[in-house]
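Given next are the chains, with one letter for each unit.
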Amino acid sequence: MLKNPSSKYQPFPLVSIPNRQWPSRHLTHAPIWCSVDLRDGNQALAVPMNVSQKLDMFDALVQCGFKEIEVGFPSASNTEFQFNRRLIEEKRIPEDVTIQCLVQAREDLIEKTVESLIGAKQVVIHMYNSTSPAQRKYVFGKSKEEIIAVAVKGAQMIKDRLHRLTAGGTKVTLQYSPESFSATEVEFAKEISEAVMDVWQPTPENKMILNLPDTVEVAMPNVYADQIEWICTNIKNRESLIISLHTHNDRGTGTAATELGLLAGADRVEGTLFGNGERTGNLDIVQVAMNLYMHGISPGLDFSDMNGLIRMYERTTGMTVPPRQPYAGELVFTAFSGSHQDAIKKGLAGYEQHKSIWDVPYLTIDPEDIGREYREVIRVNSQSGKGGVAYLLESEFGIELPKDMQREFGPLANDIVDKLGREVTAAELKDMFWKEYIERETPYSLHHFHADGVDGVFTCRCSLVINGQERGIAGKGNGPIAAFAQALIQDAGAPAFEVATYREQSLSSGTEASALAFIQIKTANGKTIWGAGVDTNIELASIKAVLSAVNRAA
Ligand SMILES: CC(=O)SCCNC(=O)CCNC(=O)[C@H](O)C(C)(C)COP(=O)(O)OP(=O)(O)OC[C@H]1O[C@@H](n2cnc3c(N)ncnc32)[C@H](O)[C@@H]1OP(=O)(O)O
Ligand SMILES: CC(C)C(=O)C(=O)O
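Fair warning: this is a prediction, and the values are worked out from it, not measured in the lab. Numbers given to residues run from 1 along each chain, matching the order in which its sequence is written. Numbering of ligands from 1 and lettering of chains from A proceed in the order in which they are written. The model is predicted, so local features are restricted to residues of pLDDT at least 70 and side-chain atom pairs to those at 80 or more, both for listing and for counting; the totals for chains, interfaces and linings are taken over all residues. Neither water nor hydrogens contribute to the side-chain values; these are computed over all heavy atoms in the structure.

**With respect to the site of ligand 1**
Then, number 1: Here, proximity means that at least one heavy atom of the residue falls within 4 Å of the molecule or strand. Looking at ligand 1, there are 16 residues lining it, with Gln43, Ala105, Arg106, Tyr128 and Phe140 nearest.
Then, number 2: Counting of polar contacts relies on pairs of N or O atoms within 3.5 Å, with two restrictions inside protein: one atom must be capable of donating a hydrogen and the other of accepting it, and residues adjacent in sequence are counted only when both atoms are side-chain atoms. One of the side-chain nitrogen or oxygen atoms of Arg106 is found 2.7 Å away from an oxygen atom of ligand 1.
Then, number 3: Backbone polar atom of Tyr128 to a nitrogen atom of ligand 1: 2.6 Å apart, as the coordinates give it.
Then, number 4: When contributions to the shell around ligand 1 are tallied by element, the ones reaching two or more residues are α1 (37–43), β3 (98–104), β4 (122–130) and α5 (133–140).
Then, number 5: A helix here means a DSSP run of H or I that spans at least four residues, while a strand means a run of E at least two residues long, and both kinds are numbered starting from the N terminus. By residue number, the principal contributor to the shell around ligand 1 is α1, which donates 3 residues.
Then, number 6: In this count, Pro and Cys sit with the nonpolar residues alongside Ala, Val, Leu, Ile, Met, Phe, Trp and Tyr, while Asp, Glu, Lys and Arg are called charged and the others, Gly among them, polar. Across the shell around ligand 1, the residue classes break down as 8 nonpolar, 4 polar and 4 charged.

**A short note on the packing of aromatic side chains**
Then, number 1: Only centres within 6.5 Å qualify two rings of Phe, Tyr or Trp (six-membered ring in Trp) as a pair; their planes then separate them into stacked at under 30 degrees, edge-to-face at over 60, and tilted for everything else. Considering all chains together, one arrives at 8 aromatic pairs under this definition.
Then, number 2: Considering the side-chain rings of Phe433 and Trp434, the 6.0 Å spacing of their centres and the 55 degrees angle between planes classify their relative orientation as tilted. The residues Phe433 and Trp434 share a single accessibility class, namely buried.
Then, number 3: Grouping aromatic residues by their ring pairs yields a cluster made of Phe409, Phe433, Trp434 and Tyr437.
Then, number 4: Directly above the aromatic system of Phe81 lies the positively charged group of Lys112, at a separation of 4.6 Å from the ring centroid.
Then, number 5: When the ring centre of Phe397 is taken as reference, the NZ or CZ atom of Lys430 above it lies at 5.1 Å. Here's how the labels work: a residue is buried when its accessible area is under 20% of the maximum for its type, exposed when over 50%, partly exposed in between, all with a 1.4 Å probe on protein chains only. For a ring to carry a charge above it, either NZ of a lysine or CZ of an arginine must fall within 6 Å of the ring centroid while also lying within 35 degrees of the normal to the ring plane.

**Observations regarding the sheet that holds strand β9 (residues 444–454)**
Then, number 1: An order of β9-β10-β11 is seen for the 3 strands of this open sheet, with the pairing classed as antiparallel. The two strands at the open ends of the sheet, each matched to only one other strand, are β9 and β11 (469–477). On average, each strand axis in the sheet is inclined to that of its neighbour by 15 degrees, with strand direction left out of account.
Then, number 2: Here β9 runs beside strand β10 (residues 457–466); their pairing, made up of 10 bridges, is antiparallel. Looking across to β10, one finds that Ala451 is bridged to Cys460.
Then, number 3: In the packing of helix α18 (residues 538–553) onto the sheet, contacts are made with β9 and β10, and the angle to β9 comes to roughly 130 degrees. Following DSSP output, two strands are said to pair if at least two bridges run between them. For helices, the fitted line uses only the C-alpha atoms of the stretch in contact; every axis is such a line through C-alpha atoms, and the angle between N-to-C directions lies from 0 to 180 degrees. Only heavy atoms matter for contacts: two residues are in contact if any of them lie within 4.5 Å across the pair.

This is how it looks when you write it as C-alpha cells:
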C-alpha cells in the first residue's frame, strides 16, 4: 500500500477578500528597496561575516544604489555592535543612506541597539515579535493579548529611548514586523500592528514602516498578495504607513510573492543579493529589480557590474551563485543547443541593425547591460549547431564562414566535440577549422606559384609537392584560379572539377593583416566541397583555397 504521509498536513486557509484588486493591476515603478544582506543574510551563514567582510559588502550595496540597508542585529554580538560603531565613527555612511537595525521586543537588547546607533545621521529601528498560532503556542506560550502586550511594551521601550538619538540630530524611522505574518490570522496581524501604531503614533509626514514578512513561505504567492491587500485595505491610518514586504523562498516562489505583494499595494521590499538567507533564502532582490528592468521600469539599483558583485558576494559570504540563478548565473545568457544559438545569432544581428526595443529570442535582457559580453552568450558543445560554431568563429576571430560552408563545417565540428564529450572554446574551434581546411597538405602541397595574364588569358606555372615528390605543372584560363584548376587537372592528375563559389575576406591577427579565401568546388559527379586558404597575398590565399578543396575531395 502506498504510504500517504501528506495526511499530516492541511491546506492553507484562504483570506476572504471579495473584489480583490491586485490581479488587474500592473507594476509601474520601483519600490523602496532595503537590503537585509548584512542581517538576515548574515544570520543564515555557518560562519557569519566579520567586520571587514561586512564593510566590504556595505560599500558594494551602497555602490549598487541601496538607500536603506539593514546592517545587523547590534545586540546579538560584539562584532555586530562594533560594525555599527565603525560605520558611524568612520563616517562611512553616505548622506542619503539610512542604516537599519533589528531588535527583539526586549529591554536589554533595545538598550544596546540604541547605544550602537548614537551619532548616526538617519536610522531605522526595526522591532519584531512573532505572531502566528504556532509561535504563540510553542515559542512564547502566550495568548493573543499577551503577544500584543510584548509588542506594545517593546514599542514603548523604544519610544522612551528615542530622545537619546534625536537629541544628537539622528532622524529615526520606526519599523515593526509581526514576524511570521503570513502564517498569522490577518485580523490578528492588523490588531497587533495597530496596537504598535497606537504607541508610535505615525503620521503621513512621519510614517512608520509596517513590514509584513513571509517569514516561512507557507502558501501560494496569490495568498500572500491577498493578505497584503487585506491589510492595506483594512488597517487604520494607512497613509501613515510604509507597507513593506519581506519574503522567503521555502516554496520557491519568493519573487512571485513579492511581485504580487507589490501589486497588492506594498511600497517597499526587503531582500538580499542572490537570495542568501535562512533555509532556502530570502527574496533575491536582484531578480525583482531586473524583472522590473526587463519591462522598461528603472529599478533605481545598478547591477551593471554583475560579475564584480558576484565576486564580492562570494568573497564575503562564502556562498556561491548557482549557474542557473536568474540574471546572475554563469549559464543564463548562454545557449548550447543549436536552434537557440541560431536564433540568438540572428536576433543579435537584427538588433544590431535596429537598436531599438530588445527583442532577441532566448535572451530576456541584453547581457551587456549587466557587464556580460556577447561572446559569453553562445557556447559550443555536442548539442550545438552550425550557427553557434559560426558565431564563435566570427565574434572571436572575425572568420565569416559562407552560409553553405557553415553547413559543411558545423557537423564536422559537432562530431569532434561529441567525441571530446565536453564544451569547447572558440580557440579550439578555430584549431579544428585550421586542421580541416587550412593545413590540408596531402596529396598536394603548394611549393611555388606564378601567374601572368595577357589579353584576359592567364597562364600559371607552379610547382607542387605531390605525395612527397616535387613536380612542375602549368595551365591556362580566364583568371589565375581557372588556370591553376586546369594545371591541377591536366598535369597533376586531380579529378575534374569546376569552381562553384569564391569568397574572400581580410583577416587581421596581431599586427599582420592577411587574406582568407573560401572556394567551393564541384566535382564531375556533382559533389560540392569547400576549401580555405590564408596568405598575406590574396591571389595566393585563393590558390591555397583551391588546393584545400581538392585535397579534401581526394
Ligand atoms: C525571522 C528572523 O529572522 S528573526 C531574527 C532572528 N535573528 C537572530 O536571532 C540573530 C541574532 N540573535 C541572537 O544573537 C540571540 O537570539 C539574541 C542575542 C537576540 C537573544 O539571545 P538569548 O536571549 O540568549 O537567546 P534566545 O534567542 O534563545 O532567546 C529566546 C527568548 O527570547 C524570546 N523572544 C524571541 N523573540 C522575541 C522577540 N521578538 N521579542 C521578545 N522576545 C522574544 C523567546 O520567547 C525566548 O524567551 P524565553 O527565554 O523566555 O523562552
Ligand atoms: C524579522 C523579520 C522581518 C524576518 O527576518 C522574517 O520574518 O523573516
